[in-house]
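Remarks on the overall topology
In case you want the letters, here they are:
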Amino acid sequence: MHVAQIDQVRRFNRTVTERVGVLHDHYLGRDRPVGEARLLWEIGDQGQDVRRLRERLGLDSGYVSRLLRALESDGLVTLEPHPEDRRVRTVRLTDAGRAERATLDRRSDELAGSLLEPLNAAQRTRLVAAMAEVDRLLTAATVTVDAVDPDHSDAQHCLRSYFTELQERFETGFDPARSLLPDAGDLRPPHGLFLVARLHGEPVGCAGLKLPPTAPAEIKRMWVAPHTRGLGLARRFLAELETRAAEHSRDVLRLDTNKALDAAIGLYHSFGFQEVAAFNDEPYAHHWFEKRIGKD
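Attention in this report is confined to the structure presented alongside it.

Cut-off values and rules
Residues numbered from 1 in each chain as written. Predicted model: local features only at pLDDT ≥ 70, side-chain atom pairs only at ≥ 80, totals over all residues. Heavy atoms only, no water. Disulfide = S-S within 2.5 Å. Buried < 20%, exposed > 50% of the residue type's maximum accessible area, 1.4 Å probe, protein only. Helix = DSSP H or I, 4+ residues; strand = E, 2+ residues; numbered from the N terminus. Arc of directions from axis to C-beta. Contact = heavy atoms within 4.5 Å. Pairing = 2+ DSSP bridges. Core = buried A, V, L, I, M, F, W, Y, C linked by side-chain atoms within 4.5 Å. Salt bridge = Lys/Arg side-chain N within 4 Å of Asp/Glu carboxyl O. Phe/Tyr/Trp six-rings, centres within 6.5 Å; stacked < 30°, edge-to-face > 60°. Lys NZ or Arg CZ within 6 Å of the ring centre and 35° of its normal. Axes fitted to C-alpha atoms, helices over the stretch in contact; angles between N-to-C directions. Left-handed = near helix turned anticlockwise from the far one by under 90°. Nonpolar A, V, L, I, M, F, W, Y, C, P; charged D, E, K, R; others polar. Parallel < 35°, antiparallel > 145°, perpendicular 65-115°, else oblique.

Another aspect to go through is the state of the cysteines. Inspection of the entire model under this criterion finds zero disulfides. Here cysteine 158 stays unpaired: no disulfide links it, and the sulfur of cysteine 206, its closest cysteine neighbor, is 4.7 Å away. Residue classification places cysteine 158 among the buried positions, given a relative accessible area of 0%.

Here it is as C-alpha cells:
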C-alpha cells in the first residue's frame, strides 16, 4: 500500500466521523454516545443474542457489557438467559427502547438529509453512488477467511447451503451421494485444507483444496452465499487456494464445474484457468479446468 493511499483513508475517516457526529457523547442530540445508539439499532424488533451482537459489531465482551448495562439502567432493554442455554444471554428492547430507536431513526434521516441538502442534484447522485461503492468495499474488507476443519459447524453450514443451491440450479438436481465428494480427511492437512469465509461472524462461503501426493492440486466445493456475491470473495478464494497450492510445491491447479454455473465458468477463465479434457468421472461436471501456478 502506498503512503498516499493510507493518508487518503485517514483523511476520509476524519471527515466522516466529524460530519456525522460520532465524536460527541450526545449522538443525534440524545443523551447517549453512538455506541449505545448502534446497539439499539442492532438489537432489532426480535431481540438478539449478546454473543451475536459482539460478533456483528466486532466489539469485545467488556465494552458490550458496559453499553448494555447503561441501556438497561435507562430502561431501554432487558437482558435474560436463553431458554435453551442459560450461558447465552438475550437482549430485547422495551417499549421505551423502541420509542428511543424510533426517535434515533427520525433524527438519523434528518442528518442524512442535511448531508445532501447543500448539494445540487448531480452532486447528490455522485455522493450516494460513491457511498454505495464505499459500503460495498468496506463490507468486502470486513470478510475474514480462515482454514477450519471440514467437520466444523460453519463448514457444514456452507456445504449444506451449497448442495441446496446445486439441487435448485442443476437440470438433473443434485445428489451428494452420486458426486465425487472428497472425504473430510482429503481436506485436512497435510492432504488438503478447507477455508470458510465469515462476515460479522456468520459463515458466508467456503472452498476446499485437495493436495493428493501423486496428482495436481484440486479445488473442491467453492461456494459463496448469494447475499455476499459481488464482494470479490470467489476471486479471493481462488487467489488464496492458488497461494496455498504453490506453497506445497504444486505447479498445476485443477477444478471441474457444471454448465449451469455460468458465472463461475466466466470467473475461472478470467482468473487464468484453461479448459482441458476431463480428468475425473464427476457425473455433474461438464467443464474441466487447469492453471499453471507457482512459477514466474
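This paragraph deals with unusual backbone geometry. Residue proline 190 is bonded to the preceding proline 189 through a cis peptide linkage, with omega at 5°. Although it is not a glycine, leucine 28 sits at a positive phi angle of roughly 55°. By secondary structure assignment, the location of leucine 28 is in the loop between helix 1 (3-20) and helix 2 (34-43).

Next up on the list: helix 9 (residues 262-270). Residues of helix 9 that are buried include every one of Ala264, Ile265, Leu267 and Tyr268, and no others. Projected onto a plane normal to the axis of helix 9, the buried residues spread over an arc of 160° and lie on a single side. In helix 9, those exposed residues whose orientation departs by more than 90 degrees from the buried face are Asp262 and Ala263. Here the buried face of helix 9 lies against strand 7 (217-224), helix 8 (233-247), strand 8 (252-257) and strand 10 (287-292).

When strand 2 (residues 77-82) meets strand 3 (residues 85-93), the two strands line up antiparallel, connected through six bridges. Bridge assignment links glutamate 80 to a residue of strand 3, and that residue is threonine 90. What sits between strand 2 and strand 3 in their antiparallel hairpin is a turn of two residues.

Membership of the largest hydrophobic core comes to 47 residues, with the highest contact counts inside it found for Leu209, Ile219, Tyr268 and Phe273. Mapped onto this core, the elements with two or more residues apiece are helix 7 (153-169), strand 5 (192-199), strand 6 (202-210), strand 7, helix 8, strand 8 and helix 9. Apart from the residues lying within four places of it in its own chain, the contact partners of leucine 209 are Asp186, Leu187, His191, Gly192, Leu193, Ala217, Glu218, Ile219, Leu241, Arg244, Ala245 and Leu253. Core analysis: the second largest hydrophobic core is formed by 19 residues, Leu40, Val50, Val77 and Leu93 among them.

With the rule as written, the count across this model stands at 25 salt bridges. The partner of arginine 198 in a salt bridge is aspartate 154, with the nearest N and O atoms 2.7 Å apart. Of this pair, arginine 198 sits in strand 5 while aspartate 154 sits in helix 7, placing them 44 residues apart in sequence. By relative accessible area, which is 16% here, arginine 198 ends up buried. A network of salt bridges, in which partner residues are shared, links Arg30, Arg32, Glu36, Asp74 and Glu100.

Enumeration according to the criterion identifies nine aromatic pairs in this entry. Ring centres of phenylalanine 174 and tyrosine 284 lie 4.8 Å apart, and the angle between their planes is 50°; this geometry places the pair in the tilted category. Of this pair, phenylalanine 174 sits in the loop between helix 7 and strand 5 while tyrosine 284 sits in the loop between strand 9 (274-276) and strand 10, and the two are 110 residues apart along the sequence. The exposure classification of phenylalanine 174 matches that of tyrosine 284, with both residues buried. For the ring pair tyrosine 268 and phenylalanine 273, a centre distance of 6.1 Å and an interplane angle of 65° mean the geometry is edge-to-face. Assigned by exposure class, tyrosine 268 and phenylalanine 273 land together as buried. Joined through ring pairs, the aromatic side chains of Tyr162, Phe163, Phe170, Phe174 and Tyr284 make up one cluster. In this arrangement the basic side chain of arginine 254 is found over the ring face of phenylalanine 279, its NZ or CZ atom lying 4.5 Å from the centre.

Okay, the packing of helix 2 against helix 3 (residues 50-57) next. Relative orientation of the contacting elements helix 2 and helix 3 amounts to 115°, with a least axis distance of 11 Å. Like other packed secondary-structure pairs, helix 2 and helix 3 cross with a definite hand, here right-handed. Side by side, helix 2 and helix 3 meet where Arg38, Leu39, Glu42 and Ile43 of the first sit next to Leu53, Arg56 and Leu57 of the second. Class assignment of the residues belonging to the contact of helix 2 with helix 3 gives a composition of four nonpolar, no polar and three charged.

This part takes up the packing of helix 2 against helix 4 (residues 61-73). With their axes 10 Å apart at the nearest point, helix 2 and helix 4 run at an angle of 80° to one another. The orientation of helix 2 with respect to helix 4, classified from their angle, is roughly perpendicular. Residues Gly35, Glu36, Leu39 and Leu40 of helix 2 form the contact with helix 4, whose own contacting residues are Tyr63, Val64, Leu67, Leu68, Ala70 and Leu71. Among the residues forming the contact of helix 2 with helix 4, the class breakdown is eight nonpolar, one polar and one charged.

Shape is all these values report; function is a separate question.
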